[in-house]
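Each chain, written out:
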Amino acid sequence: MSSVLHFPPASPAQSVAWLEQKLAHYADAWDVAEDLAQGVTEIVVLDVRAREAYERGHICGAIAFPHRTLDATTVAALDRNKVYITYCDGIGCNGSTKGALKLASLGFQVKELIGGLDFWTRDGHPLAWGSAPGEWPSPRTGAACGC
């Protein structure tokens with residue numbers, strides 16, 4: 001008996017529903033980089049790691065907003081019409097999940113960045129350093145996605 005088929009696959013309709021839900025909750029580095037490079041204003045990238053980690057390197061344009069500081073008072077100035085992309089170090093860190101959960105609980109639309117800063121740098125996307133968000137470089141750097 002097949003180990004893979006021990007549990008039968010979902011129907012195509014079930015797969016569509018599940019995969020649409022998955023994409024509603026997550027964004028990958030290439031998609032976020034494309035939006036940032038094109039100046040899409042409907043998204044805001046939040047680095048939810050500690051400020052010290054942010055200053056050592058972060059996604060260009062990301063705002064430092066440690067998840068431990070997220071509450072109704074600290075998010076009062078955020079635009080509720082934006083979609084917030086949270087990220088942390090990578091798959092071994094759940095800070096982006098904690099940040100997204102807090103934001104969603106406070107009524108914000110959120111997505112998590114798959115693989116966090118780890119996947120971002122693996123894909124060769126640009127970083128900024130220090131306490132300022134920085135700007136997206138022009139022209140865009142990095143290789144085109146092979147997706």
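Residues numbered from 1 in each chain as written. Predicted model: local features only at pLDDT ≥ 70, side-chain atom pairs only at ≥ 80, totals over all residues. Heavy atoms only, no water.

A. Local environment of the overall build of the protein chain. Looking only at helices and strands, the protein chain has five helices and seven strands in total. Ordered by position from the N terminus, the helices and strands of the protein chain form the series α-β-α-β-α-β-β-β-α-β-α-β. With respect to the three principal axes, the spread of C-alpha positions in the protein chain is 55 × 40 × 25 Å. Per-residue burial for the protein chain yields a buried fraction of 34% across its 147 residues. Restricting to contacts in the protein chain with at least 6 residues of sequence separation, those with at least 24 account for 71%. In the protein chain, 12 positive and 16 negative side-chain charges are present, and the distance between their average locations comes to 6 Å. (Helix = DSSP H or I, 4+ residues; strand = E, 2+ residues; numbered from the N terminus. Buried < 20%, exposed > 50% of the residue type's maximum accessible area, 1.4 Å probe, protein only. Contact = heavy atoms within 4.5 Å. Lys, Arg positive; Asp, Glu negative; His and termini not counted. Charge placed at Lys NZ, Arg CZ, Asp CG, Glu CD.)

B. Expanded view of the side chain of R49. Tracing the backbone shows R49 in the loop between β2 (43-47) and α3 (51-55). For R49, the side chain forms a polar contact with the main-chain oxygen of G57, separated by 2.7 Å. Discounting residues that sit within four places of it in the chain, R49 has contacts with Y54, G57, H58, P66, Y87, C88, D89 and L117. (Polar contact = N/O pair within 3.5 Å; in protein donor to acceptor, adjacent residues only side chain to side chain.)

C. Quick peek at the environment of L113. Among the secondary structure elements, L113 is positioned in strand β6 (residues 109-113). Taking the C-alpha atoms as reference points, L113 and T97, 16 residues apart in sequence, are found 9.4 Å from one another. Other than its neighbours up to four places away in sequence, L113 contacts A27, D28, A29, V32, I59, I85, T86, Y87 and W120.

D. Geometry of the packing of aromatic side chains. Inspection of every chain in the model, using the stated rule, returns two aromatic pairs. Seen from their ring centres, Y84 and F108 are 5.6 Å apart, and the 85° between their planes marks the pair as edge-to-face. One end of the pair, Y84, is in strand β5 (residues 83-87); the other, F108, is in the loop between α4 (95-105) and β6, with 24 residues separating them in the sequence. Arranged with centres 6.0 Å apart and planes meeting at 80°, the rings of W120 and W136 form a pair that is edge-to-face. Taken together, the residues span a long stretch of sequence, with W120 in helix α5 (residues 116-122) and W136 in the segment after β7 (127-128) at a distance of 16 residues. (Phe/Tyr/Trp six-rings, centres within 6.5 Å; stacked < 30°, edge-to-face > 60°.)

E. Representation of the pairing of β2 within the structure. With five of five residues buried, β2 lies mostly within the body of the structure. Pairing analysis gives five bridges linking β2 to β5, with the strands arranged parallel. Bridge pairing in β5 places D47 opposite Y87. Where β2 lies against strand β4 (residues 63-64), two bridges are found, and the strand directions are parallel. In the sheet register, D47 faces β4, and the bridge partner there is A64. (Pairing = 2+ DSSP bridges.)

F. A look at the nonpolar core. Counting residues in hydrophobic clusters, the biggest one holds 17 residues, and the most contacted among them are V32, L36, V45, I59, Y87, L113 and W120. Judged by nonpolar contacts, the second largest core, of 13 residues, contains L46, Y84, A100 and V110. (Core = buried A, V, L, I, M, F, W, Y, C linked by side-chain atoms within 4.5 Å.)

G. Broad picture of the sheet that holds β4. On the basis of which strands lie adjacent, the open sheet formed by five strands has the order β1-β6-β5-β2-β4 and parallel pairing. In this open sheet, the two edge strands, each paired with only one partner strand, are β1 (26-27) and β4. Bridge count for β5 against β6 is four bridges, and the pairing is parallel. When the sheet's bridge partners are listed, I85 is paired in β6 with K111. Its contacts with the sheet place helix α1 (residues 12-25) against β1 and β6, and it is angled at close to 95° to β6. (Axes fitted to C-alpha atoms, helices over the stretch in contact; angles between N-to-C directions.)

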